[in-house]
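# Fold and geometry: a report
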Amino acid sequence: MKTLFKNGVIITANEQNEWFREGYLLVEGKNIVAVGSGQPEQEADIDQVIDLKGQWVMPGWVNTHGHAAMSILRGYADDAPLKEWLEEKMWPMEARFNRDTVRWGTALAVVEMLKSGTTCFVDMYDHMDAVAEVVEEAGIRGVLARGIIGLCSQEEQTAKLKEATEFARNWHGQAEGRIATMMAPHAPYTCPPAYIDRIVDRAHQLDLPVHIHLSETAGEVRQNVSQYGKRPVPHLRDIGVFERPTLVAHAVHLEEEEMDILQEYDVKISHNPASNLKLGSGIAQVPKLLERGFRLSIGTDSAASNNNLDMFQEVRLAALIHKGVNQDPTVVPAQVALKMGTRWGAECAFVPHVGALEPGKEADFIIITPNQAHLQPVHDPVSHIVYSASGSDVCHVYVQGKQVVKDGQCVTLDEEKIIYEANRVLKELLQVY
Ligand SMILES: CSC[C@H]1O[C@@H](n2cnc3c(O)ncnc32)[C@H](O)[C@@H]1O
Ligand SMILES: [Zn+2]
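Residues numbered from 1 in each chain as written. Chains lettered and ligands numbered in written order. Predicted model: local features only at pLDDT ≥ 70, side-chain atom pairs only at ≥ 80, totals over all residues.

The protein goes by 5-methylthioadenosine/S-adenosylhomocysteine deaminase in an unreviewed UniProt entry, where it is assigned to Caldalkalibacillus thermarum. Under the UniProt heading Function (unreviewed entry), the note attached to the protein is "Catalyzes the deamination of 5-methylthioadenosine and S-adenosyl-L-homocysteine into 5-methylthioinosine and S-inosyl-L-homocysteine, respectively. Is also able to deaminate adenosine." Entered under Sequence similarities (unreviewed entry) in the UniProt record, the comment concerning the protein runs "Belongs to the metallo-dependent hydrolases superfamily. MTA/SAH deaminase family." (UniProt positions renumbered as here; feature names shortened; annotations may be inferred.)

Okay, here's the thing in structure tokens:
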């Protein structure tokens, strides 16, 4: 099946740094087969032609860090620092989560993400079979890992590792290739070094990347130094984590030598500005990292610390906050922010076959209607996407060439039922609490 999307404004961060052009996108099955300016030379063998009438087409956002099921806890505990928020609020509630809680919390998050233009998300959580089933049904793309907290007995550690391994093995490549898996020790402060070593060994055996929280707060860095005599980056390097392709979340508190190490091992970074602000964790040194050549990505973290999953808002924040902090409006320009949310996001999530509109990539893209007061007049669509648009401007979403959002509504999931079920599972949680 070949579908031609014509008369659009094609917006993408390509390697030539051409940002947009009036033209067309040709999709065959799962893949983009042609992108061009003006009209295609011939339409003879095309099955379906969609006239975009000037609408904007861009790659779907890649959200490189989150915990989807925690949307159940959105607004449950605000205005607390990470340690207290985790230990006194999140972990006691999560201890009561079951497969059903995770299923409906994740479905709620996936509807929110798809409707706001995210076509791929990275997720670290528990009951991951339920997450993978939602991904399969929704038609979204997911890079999924069973998050492992090792503050428990040897027996429990072994059981968690077995579960993570089975999940990673069973689901990698499933859902027509839309699911990829990783191994995810939660953080250096929740996993003893010997346990991280075992998890990384398993990642080697399965040939999978590693995903881990890193240096989110100054407190955890201090704890790492007093417990292990090293800051978290050399600590993880010495355990051997970075011998695997690794994606770290946050990376707020880094010294120059730690940046050197991350660069030496080509470690990928997910920048989570809203969560870092809301939990009072700090602000990552994004301009410095970009200057060093890191191809950074952006993540929302969970709806319990953000408190939404709209990548337009996250990308806008990433573009704005560093200008203010550094008193320099030239840092993180709109084009770089767009790359972080799309092409570089895909690289950091180890799905380089998406994240851009070019032949050879899979057809994960979104369509935005620019005929709205807040998106007019148009000097530069990239500017409007980063600084003016929001998730509610997304009309249509395609993943692997298949439409999953039509006229702003998710066509693969039943939003009304999901909202009902999410409220039901929350009520059940609160009753036993
Ligand atoms: C073991 S599943 C994932 C685990 O991570 C917790 N979590 C959520 N947000 C954060 C964050 O910003 N830093 C560290 N850990 C976080 C979540 O509550 C789950 O327990
Ligand atoms: Zn997290």
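Glancing now at the sheet that holds strand E11 (residues 210-214). Strand order in the open sheet formed by 4 strands is E11-E12-E13-E14, and the pairing between neighbours is parallel. Looking at which strands have only one partner, the edges of the open sheet turn out to be E11 and strand E14 (297-298). Two elements, strand E12 (residues 246-250) and strand E13 (residues 268-271), share 3 bridges in a ladder whose sense is parallel. Bridge pairing in E13 places Ala249 opposite Ser270. (Pairing = 2+ DSSP bridges. Helix = DSSP H or I, 4+ residues; strand = E, 2+ residues; numbered from the N terminus.)

This paragraph deals with the confidence of the model for the protein. Of all residues in the protein, 99% attain a pLDDT of 70 or more, and the chain-wide mean is 97. Quick note on the complex model: pTM equals 0.98, ipTM equals 0.99. (pLDDT = per-residue confidence, 0-100.)

Here the focus is the domain arrangement of the protein. Looking at the protein, the domain boundaries give domain 1 (2-59 + 355-410) and domain 2 (61-348). With 24 residues of domain 1 at the contact, the number on the domain 2 side is 29 residues. Counting only elements with at least two residues in the side of domain 1 that touches domain 2, the list comes to helix H15 (381-387), strand E16 (394-399) and strand E17 (402-406). Of all the elements, H15 adds the most residues to the side of domain 1 that touches domain 2, at 5 residues. A class-by-class count of the residues in the side of domain 1 that touches domain 2 yields 16 nonpolar, 6 polar and 2 charged. (Domains from an automatic or database assignment. Contact = placed C-beta atoms within 7 Å. Nonpolar A, V, L, I, M, F, W, Y, C, P; charged D, E, K, R; others polar.)

Here we take up the nonpolar core. Among the nonpolar cores identified, the biggest contains 138 residues, and Leu25, Val57, Val110, Leu114, Val131 and Met183 are the most heavily contacted of them. Summarising the domain contributions, this core has at least three residues from each of domain 1 (2-59 + 355-410) and domain 2 (61-348). Not counting residues up to four positions away in its chain, the partners in contact with Met183 are Ala145, Ala164, Ala168, Ile199, Arg202, Ala203, Leu208 and Val210. (Core = buried A, V, L, I, M, F, W, Y, C linked by C-beta atoms within 7 Å. Buried ≥ 20, exposed ≤ 12 C-beta atoms within 10 Å, placed from the backbone.)

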